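Below are the chains, spelled out letter by letter.
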Amino acid sequence: MSADTTPTGAAPAGATPAGATPAGAAETAMADALGRIATAGHLLVALDFDGTLAPEVDAPRAARALPEAQDAILRLVALPDTSVALVSGRALDSLIEVAEAPNTVLLVGSHGVEYRVDGEAEVSLSPEEQKLRGALETILTETAAPYDDVHVEEKPAGFALHTRLADESVTDLVLAEARRRVAAEAPAATERVGKNVLEFAVRSASKGDAIARLREITGASAVFFAGDDVTDEDGFRALAAGDFGLKSGHGDTAAAYRVAGPPEVAHVLDDLAELRAHLGRS
Ligand SMILES: [Mg+2]
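Because the structure is a prediction, the values reported are computed rather than measured. (Residues numbered from 1 in each chain as written. Predicted model: local features only at pLDDT ≥ 70, side-chain atom pairs only at ≥ 80, totals over all residues. Heavy atoms only, no water.)

Caption draft 1: Here's a closer look at the side chain of Asp229. Mapped onto the elements of the fold, Asp229 is located in the loop between strand E11 (222-227) and helix H7 (233-237). Among buried charged residues, Asp229 stands out as having no salt bridge; its nearest opposite-charge side chain is Lys195, 5.0 Å away. Apart from residues lying up to four places away in sequence, Asp229 is in contact with Gly194 and Lys195. (Helix = DSSP H or I, 4+ residues; strand = E, 2+ residues; numbered from the N terminus. Buried < 20%, exposed > 50% of the residue type's maximum accessible area, 1.4 Å probe, protein only. Lys, Arg positive; Asp, Glu negative; His and termini not counted. Salt bridge = Lys/Arg side-chain N within 4 Å of Asp/Glu carboxyl O. Contact = heavy atoms within 4.5 Å.)

Below is the structure:
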């Protein structure tokens, strides 16, 4: 996969400037900011899963967080005044399966539509939303049916078309047809674009909504958020002064800091767990 590729001039440790600062200065700034957030009164560590904790794989069910990341998560969630949440575009059931996280870790699925809090899952659709979801199912399964390399993922609040295995001409054709039919037959649905995935949902929620809600649920005084995809940008934009945004991989970002990919994210989480365990809270 190409997720580990850094932009030009990357230092070996993997910290690269999100702006135009030299790599060394960016690393120092990131280390300083990490040291500051480690002392937060109540820290929320919110993490995207795929491409951030887990390297991208072709079979979504085979994705697992890197051992170093999983270890850091378990150490963080065991610390006092520290909450950990996984915030994913996956349906909650799928996230539960791949995350292998204890009930003390908060889970957010479907970009903020579903939550698992204290081990309890919650989502509920109105009759109108259920009807719209049925229309989306018909449209997307019919659109994908002629193509072996395109598959439809069922989500609690909608459906997603996956084109990772399809070639570009098929992808273009399928996406155009899906958009045309949704606009005509299910115009109330909202569209979300990700890496090789086009999702239509009956309820609009974003990772920004998820960060805001998690801040409320946990009473966090500072938030650390890491993500790799375009949908994570809503999360980065929901951060405020004193928070910490970490972009995994390349692409434009609103995050203040960037590393090359999941192995480097794991290092940062390991450092954060170490700092917070030793510095304690101010
Ligand atoms: Mg991701």
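Caption draft 2: The pairing of strand E10 (residues 197-201), seen in detail. Taken across its five residues, E10 has five buried, putting it largely inside the fold. Burial of E10 is two-sided: the residues Val197, Glu199 and Ala201 facing one way and the residues Leu198 and Phe200 facing the other way are all buried. Pairing geometry for strand E8 (residues 158-162) and E10, over five bridges, is antiparallel. In the strand pairing of E10, Ala160 is matched with Glu199. Pairing between strand E9 (residues 190-194) and E10: five bridges, direction antiparallel. In the strand pairing of E10, Arg192 is matched with Glu199. Here E9 hands over to E10 after two residues, with Asn196 in that stretch at a positive phi of 60 degrees. (Pairing = 2+ DSSP bridges.)

Caption draft 3: Spatial organisation of the packing of helix H4 (residues 127-144) against helix H5 (residues 168-185). In the contact formed by H4 and H5, the axes pass within 10 Å of each other and the chain directions differ by 155 degrees. On the basis of the axis angle, H4 is roughly antiparallel to H5. With respect to the hand of their crossing, H4 and H5 are arranged in right-handed fashion. In contact with Leu136, Ile139, Leu140, Glu142 and Thr143 of H4, H5 contributes Val174, Glu177, Ala178, Arg181, Val182 and Glu185. Of the residues belonging to the contact of H4 with H5, the class tally is six nonpolar, one polar and four charged. (Axes fitted to C-alpha atoms, helices over the stretch in contact; angles between N-to-C directions. Parallel < 35°, antiparallel > 145°, perpendicular 65-115°, else oblique. Left-handed = near helix turned anticlockwise from the far one by under 90°. Nonpolar A, V, L, I, M, F, W, Y, C, P; charged D, E, K, R; others polar.)

Caption draft 4: Inspection of the coordination of the magnesium ion at higher detail. The coordination sphere of the magnesium ion contains the protein donors Asp48 (OD), Asp50 (O) and Asp228 (OD), at a distance range of 2.1 to 2.2 Å. When the donor residues of the magnesium ion are listed from N- to C-terminus, their spacing reads D-x1-D-x177-D. Of this pair, Asp48 sits in the loop between strand E2 (43-47) and helix H2 (67-77) while Asp228 sits in the loop between E11 and H7, placing them 180 residues apart in sequence. Residues Asp48 and Asp228 agree in their burial class; the two are buried. (Donors = N, O, S within 2.8 Å, 3.2 Å for Na, K, Ca; no water.)

Caption draft 5: A look at the nonpolar core. Leu47, Phe49, Leu53, Leu86, Phe224 and Leu246 are the most contacted members of the largest nonpolar core, which has 42 residues in total. Non-local contacts of Leu246, meaning those with residues more than four positions away in its chain, are made with Met30, Phe224, Phe225, Ala226, Gly227, Phe236, Ala255, Tyr257, Arg258, Val259, Val265 and Val268. Grouped together as the second largest cluster of nonpolar side chains are 23 residues, Leu132, Ala157, Phe159 and Leu175 included. (Core = buried A, V, L, I, M, F, W, Y, C linked by side-chain atoms within 4.5 Å.)

Caption draft 6: Here's a closer look at the domain arrangement of the protein. Here the domain parsing of the protein yields domain 1 (21-123 + 206-279) and domain 2 (127-201). Together domain 1 and domain 2 conceal approximately 1,000 Å² of surface at their shared face, both sides included; 52% is due to carbon and sulfur atoms. Taken together, domain 1 and domain 2 are joined by three salt bridges. Among the ionic pairs, Arg164 bridges to Asp58, the shortest N-O distance being 2.8 Å. (Domains from an automatic or database assignment. Buried area = accessible area lost by both parts, 1.4 Å probe.)

Caption draft 7: Local environment of the confidence of the model for the protein. The pLDDT averaged across the protein works out to 90; a share of 91% of its residues lies at or above 70. With pLDDT under 50 throughout, residues 1-14 is counted as low confidence; its partners more than four residues away or in other chains account for 27 contacts. (pLDDT = per-residue confidence, 0-100.)

Caption draft 8: Structural view of the sheet that holds E9. Taken together, the four strands give an open sheet; going across it, the order is E7-E8-E10-E9, and neighbouring strands pair in antiparallel fashion. Single-partner strands in this sheet number two, and they are strand E7 (151-155) and E9. Going from strand to strand, the sheet's axes swing by 20 degrees on average, the running direction of each strand aside. Against the sheet, H4 makes contact with E7, E8 and E10, and its axis sits at roughly 15 degrees relative to E8, the strand it touches most. Set on the sheet, H5 makes contact with E8, E9 and E10; between it and E10 the angle comes to about 10 degrees.

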